[in-house]
There are 2 protein chains.
Amino acid sequence: MAVYTLVGAEDAAAFLEKYEVGSLRSFKGIAEGVENSNYLLETDKGHFFLTLYESRVDPDDLPFFHDLLGHLKSAECKVPAFIADREGNWLQQLCGRPACLIEFLSGVSVSQPNPQQARAVGQALGEFHLAVAAFDGQRPNSLGVSQWRALADKCGRSALEGIQTELADRVYKELDLLEKNWPDHLPLSVIHGDLFPDNVLMLGDKLSGLIDFYFACSEIRAFDIAVTHAAWSFSSDGTRYLPQIGTALFGGYDAIHGIDDETKDALPWLFRGACLRFLLTRCYDWINTPADAMVTRKDPLAFLLRLDFYSDPANVELITGRKA
Amino acid sequence: MAVYTLVGAEDAAAFLEKYEVGSLRSFKGIAEGVENSNYLLETDKGHFFLTLYESRVDPDDLPFFHDLLGHLKSAECKVPAFIADREGNWLQQLCGRPACLIEFLSGVSVSQPNPQQARAVGQALGEFHLAVAAFDGQRPNSLGVSQWRALADKCGRSALEGIQTELADRVYKELDLLEKNWPDHLPLSVIHGDLFPDNVLMLGDKLSGLIDFYFACSEIRAFDIAVTHAAWSFSSDGTRYLPQIGTALFGGYDAIHGIDDETKDALPWLFRGACLRFLLTRCYDWINTPADAMVTRKDPLAFLLRLDFYSDPANVELITGRKA
């Protein structure tokens, strides 16, 4: 939550002159986007985002993100397109950083979704998966099942125990189970991979945008269902499952894309994997972020509680309708 | 540069319902305003700022700021007005903080002003001073000459020496001189007190807004000229005086408001006082902000260099046209 690279108004105005988007009227650094520096620009023709990519985004991945969003946009998914300048360039350098001008989408991120909104998210994820079936870009998942053990090792047993007693044992037991039972036979796809409420824009109960595709990668398609379900269907501290939200989201996806029985039968492991992925990345960030830093550390244990929930076959049966 | 209080979209939408400003379409935390949490809101009727006042702004001062901006607005100064809700309330509580909806002004803050822009700033400051002559609100200056010695003591001699050798001696010698020569006989006024380029919005060479009045207070009126001149007329590191900028700014003010000889003769001390005020507050922040904090520490020595500049009578004569 910060602006890492300070861009002067003169630099922004000169940057905009490459584009046919009007002249600068307002320019504000936005306190969102852990990975990048984001500015909201107003010109006499509309609103735009200026994103400067910081060290956590590999510039070599930018063509993948550009092509993906262009493909999704053509397929009428509600995503923000990269904007090309007069010469057709969509990737620039600004203040020493790779920088792009990106379409602005109206809408707000809800913190307490209602079932209509959850259904809309499931539908939009289904539409996204249908659209990317014809997209041939690829990007390896650097946070997939084969990386989780190394991530746990990087956290370290004692640091994990420092977060919660016996957390390390629990993590390594879960890793053993997931590595053994991971449903590698399921179809792959490009997934969003991080479709939390923060990354969805709503106008009332209507979805107006899916944003922040910087974790998009090639992965088991249904892993995206698991991530999105886990991200939306709980109180944010993970203590309460919200059945109306979970059911609406799952049903919305199923109505658009369909979920076959083979996928449903594998979902318990995908749900658990999704929880472990966010548990581990949050543990890593927790351990490596000073408590007094001006970034919000997200509580890893909120995903341990979700992991507990999905580890109970009766709970998963309520979601998928299939006996474990 | 941060958002300190996180406001959910639902809270923001409910907040807006009190007002006749349309319904929420977008809602972004803004990375500006050291003192407050600021959100930029888009509704179907326009753009607005939502400001939550954090601990550094005394809620008891808010009526002064509200009345001041209302007065300036009526006098056609380009300032953002506080917006009242349907029941006439302009001050609310949101997420446990005092919160206000404030008019959005287009424009950008320039980092390398040209003479036209500097002249516009001088003129706008002159218009502001003419307008507040008929304003009867008062607010003591908590960062005035009588507080500087205590501020230096709070920094501490050794910490000051840690910033630069012999800095403490220089500060205390300057304090002795300023306390002895301070031009208390000059007319008082409400001043802006912090009219740095950050706090001025421009559309091209035209001034579109003066913002961030949270240091506004009752003070020697011409101290505002000194602060503004020191803030605009140097390279930001303080190493180079920009004579075209300084002359344009001073001339712009003089053309609108006039600067009498008594004031011109006192300006050397006001310039030096303005430099010492920002030198001391920046030293204090420097000493009390961890080097790795995610806020930008502003270099105190940039104002020591300005102090050196204004301490040379020949330099001040170039600005005021009066022999010291």
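The rules we used
- Residues numbered from 1 in each chain as written.
- Chains lettered and ligands numbered in written order.
- Predicted model: local features only at pLDDT ≥ 70, side-chain atom pairs only at ≥ 80, totals over all residues.
- Helix = DSSP H or I, 4+ residues; strand = E, 2+ residues; numbered from the N terminus.
- Rg over C-alpha atoms; globule rule 2.2 N^0.38 Å.
- Buried ≥ 20, exposed ≤ 12 C-beta atoms within 10 Å, placed from the backbone.
- Contact = placed C-beta atoms within 7 Å.
- Axes fitted to C-alpha atoms, helices over the stretch in contact; angles between N-to-C directions.
- Parallel < 35°, antiparallel > 145°, perpendicular 65-115°, else oblique.
- Left-handed = near helix turned anticlockwise from the far one by under 90°.
- Pairing = 2+ DSSP bridges.
- Nonpolar A, V, L, I, M, F, W, Y, C, P; charged D, E, K, R; others polar.
- Least-squares fit on C-alpha atoms with pLDDT ≥ 70 in both.
- Domains from an automatic or database assignment.
- Expected span 1.5 Å × (residues − 1).
- Bend = angle between axes of the 7 residues up to and from the residue.
- pLDDT = per-residue confidence, 0-100.

### Some details on the overall build of chain A
Link 1 in the chain: A count of helices and strands for chain A gives 11 helices and 10 strands.
Link 2 in the chain: The C-alpha atoms of chain A give 20 Å as radius of gyration, which agrees with the globular expectation for 324 residues (20 Å, within 12%).
Link 3 in the chain: Projected onto its principal axes, the C-alpha positions of chain A cover 60 × 45 × 35 Å.
Link 4 in the chain: Looking at the 324 residues of chain A, the share that counts as buried comes to 41%.
Link 5 in the chain: Relative to all contacts within chain A whose residues are 6 or more apart in sequence, the contacts with residues 24 or more apart total 70%.

### Observations regarding the packing of helix H4 (residues 145-155) of chain A against helix H6 (residues 167-181) of chain A
Between two packed helices, the angle of one axis relative to the other and the distance separating the axes together describe the packing.
Residue and element names in this part refer to chain A.
Link 1 in the chain: Here H4 crosses H6 at 160 degrees, and the two axes come no closer than 10 Å. Our classification of the angle between H4 and H6 gives roughly antiparallel. The handedness of the crossing between H4 and H6 comes out as left-handed. Here Val145, Trp148, Arg149 and Ala152 of H4 lie close against H6, whose contacting residues are Val171, Tyr172, Leu175, Leu178 and Glu179.

### Quick notes on the pairing of strand E8 (residues 200-203) of chain A
Residue and element names in this part refer to chain A.
Link 1 in the chain: Sheet topology places E8 next to strand E9 (residues 206-210); 4 bridges connect them, and they run antiparallel. Residue pairing in the sheet places Val200 in a bridge with Leu210 of E9.
Link 2 in the chain: Following E8, the chain reverses through 2 residues before pairing antiparallel with E9; Gly204 in that reversal takes a positive phi of roughly 65 degrees.

### So, the interface of chain A and chain B
Link 1 in the chain: Counting residues at the interface gives 27 residues for chain A and 27 residues for chain B.
Link 2 in the chain: Counting residues per element, the ones that place at least two in the side of chain A that touches chain B are helix H1 (9-16), strand E1 (24-30) and strand E2 (36-43) of chain A.
Link 3 in the chain: Broken down by element, the residue count for the side of chain A that touches chain B peaks at 7 residues, all from E1(A).
Link 4 in the chain: Class assignment of the residues belonging to the side of chain A that touches chain B gives a composition of 14 nonpolar, 8 polar and 5 charged.

### Considerations on the environment of Gln123(A)
All names here are of chain A.
Link 1 in the chain: In this fold, Gln123 is placed in helix H3 (residues 115-132).
Link 2 in the chain: Along the backbone, Gln123 and Leu210 are 87 residues apart, and their C-alpha atoms lie at a distance of 12 Å.
Link 3 in the chain: If near-sequence neighbours (up to four positions away) are discounted, Gln123 is found in contact with Gly252, Tyr253, Ala255 and Ile256.

### Focus: the relation of the copies chain A and chain B
Link 1 in the chain: The two copies are related by a screw motion: chain A maps onto chain B through a turn of 180 degrees and a shift of 0.1 Å along the axis, at an RMSD of 0.0 Å. With respect to symmetry, the two chain copies, as superposed, fit the operation of a two-fold axis.

### Observations concerning the pairing of strand E6 (residues 97-103) of chain A
All names here are of chain A.
Link 1 in the chain: Inspection of the sheet shows strand E3 (residues 46-53) paired to E6 by 5 bridges, in the antiparallel sense. The partner of Thr51 across the bridge, within E6, is Cys100.
Link 2 in the chain: Pairing analysis gives 2 bridges linking strand E4 (residues 82-83) to E6, with the strands arranged antiparallel. Residue pairing across strands places Phe82 opposite Ile102, the latter belonging to E6.
Link 3 in the chain: The hairpin turn running from strand E5 (residues 92-94) into E6, its antiparallel successor, is 2 residues long, and Cys95 in that turn takes a positive phi close to 50 degrees.

### Brief notes about the domain arrangement of chain A
Residues and elements named next belong to chain A.
Link 1 in the chain: When the domains of chain A are assigned, the result is domain 1 (9-103) and domain 2 (115-320).
Link 2 in the chain: For domain 1 versus domain 2, the separation of C-alpha centres amounts to 28 Å.
Link 3 in the chain: With 15 residues of domain 1 in contact, the opposing surface of domain 2 contributes 16 residues.
Link 4 in the chain: Classifying every residue of the side of domain 1 that touches domain 2 gives 10 nonpolar, 1 polar and 4 charged.

### Some remarks on helix H9 (residues 261-288) of chain B
Link 1 in the chain: If you check H9(B), its first and last C-alpha atoms are 41 Å apart, about what 28 residues at 1.5 Å a residue would give, namely 40 Å.
Link 2 in the chain: Roughly 45 degrees is the biggest bend found in H9(B), and it falls at Leu267(B), with proline Pro268(B) one to four residues downstream.

### What to know about unusual backbone geometry
Residues and elements named next belong to chain A.
Link 1 in the chain: The residue Glu76 is not glycine, and still its phi comes out positive at about 65 degrees.
Link 2 in the chain: Checked against the element boundaries, Glu76 lands in the loop between helix H2 (62-74) and E4.
Link 3 in the chain: According to the C-beta neighbour criterion, Glu76 is exposed, with 9 such atoms within 10 Å.
Link 4 in the chain: In this structure, Asp212 takes a positive phi of about 55 degrees despite not being glycine.
Link 5 in the chain: Judged by local crowding, Asp212 falls into the buried class, with 21 C-beta atoms found within 10 Å.

### Quick look at the packing of helix H3 (residues 115-132) of chain B against helix H8 (residues 243-257) of chain B
Residues and elements named next belong to chain B.
Link 1 in the chain: It is at 7 Å that the axes of H3 and H8 come closest, and there the two elements cross at 30 degrees. Handedness of the crossing formed by H3 with H8: right-handed. In this structure, H3 uses Pro115, Ala118, Arg119, Ala120, Val121, Gly122, Gln123, Leu125, Gly126, Glu127, His129 and Leu130 to contact H8, whose residues at the interface are Gln244, Ile245, Ala248, Leu249, Phe250, Gly251, Gly252, Tyr253, Ala255, Ile256 and His257.
Link 2 in the chain: Taken together, the residues of the contact of H3 with H8 sort by class into 13 nonpolar, 8 polar and 2 charged.

### Side note on H3(B)
Link 1 in the chain: For H3(B), with 18 residues, the first-to-last C-alpha span of 26 Å sits near the 26 Å given by 1.5 Å per residue.
Link 2 in the chain: Of all the 18 residues making up H3(B), 14 are buried; the element is thus mostly covered by neighbouring parts of the structure.

### A short note on the confidence of the model for chain A
Link 1 in the chain: Predicted confidence across chain A gives a mean pLDDT of 94, with 96% of residues reaching 70 or more.
Link 2 in the chain: Interface confidence for the predicted complex, given as ipTM, is 0.84, next to a pTM of 0.88.

### Describing the environment of Ala152(A)
All names here are of chain A.
Link 1 in the chain: You can see Ala152 is positioned in helix H4.
Link 2 in the chain: When the 22 C-beta atoms within 10 Å are taken as the criterion, Ala152 is described as buried.
Link 3 in the chain: For Ala152 and Tyr172, which are 20 residues apart along the polypeptide, the C-alpha to C-alpha distance reads 7.9 Å.

### Thoughts on the environment of Thr5(B)
Residues and elements named next belong to chain B.
Link 1 in the chain: Following the sequence through the fold, Thr5 ends up in the segment before helix H1 (9-16).
Link 2 in the chain: Take Thr5: there are 16 C-beta atoms within 10 Å of it, and that puts it in the partly exposed class.
Link 3 in the chain: Residues Thr5 and Asp285 lie 280 residues apart in sequence; the distance between their C-alpha atoms is 21 Å.
Link 4 in the chain: For Thr5, the residues in contact, after removing those within four places along its chain, are Ser37, Leu52, Cys95 and Arg97.

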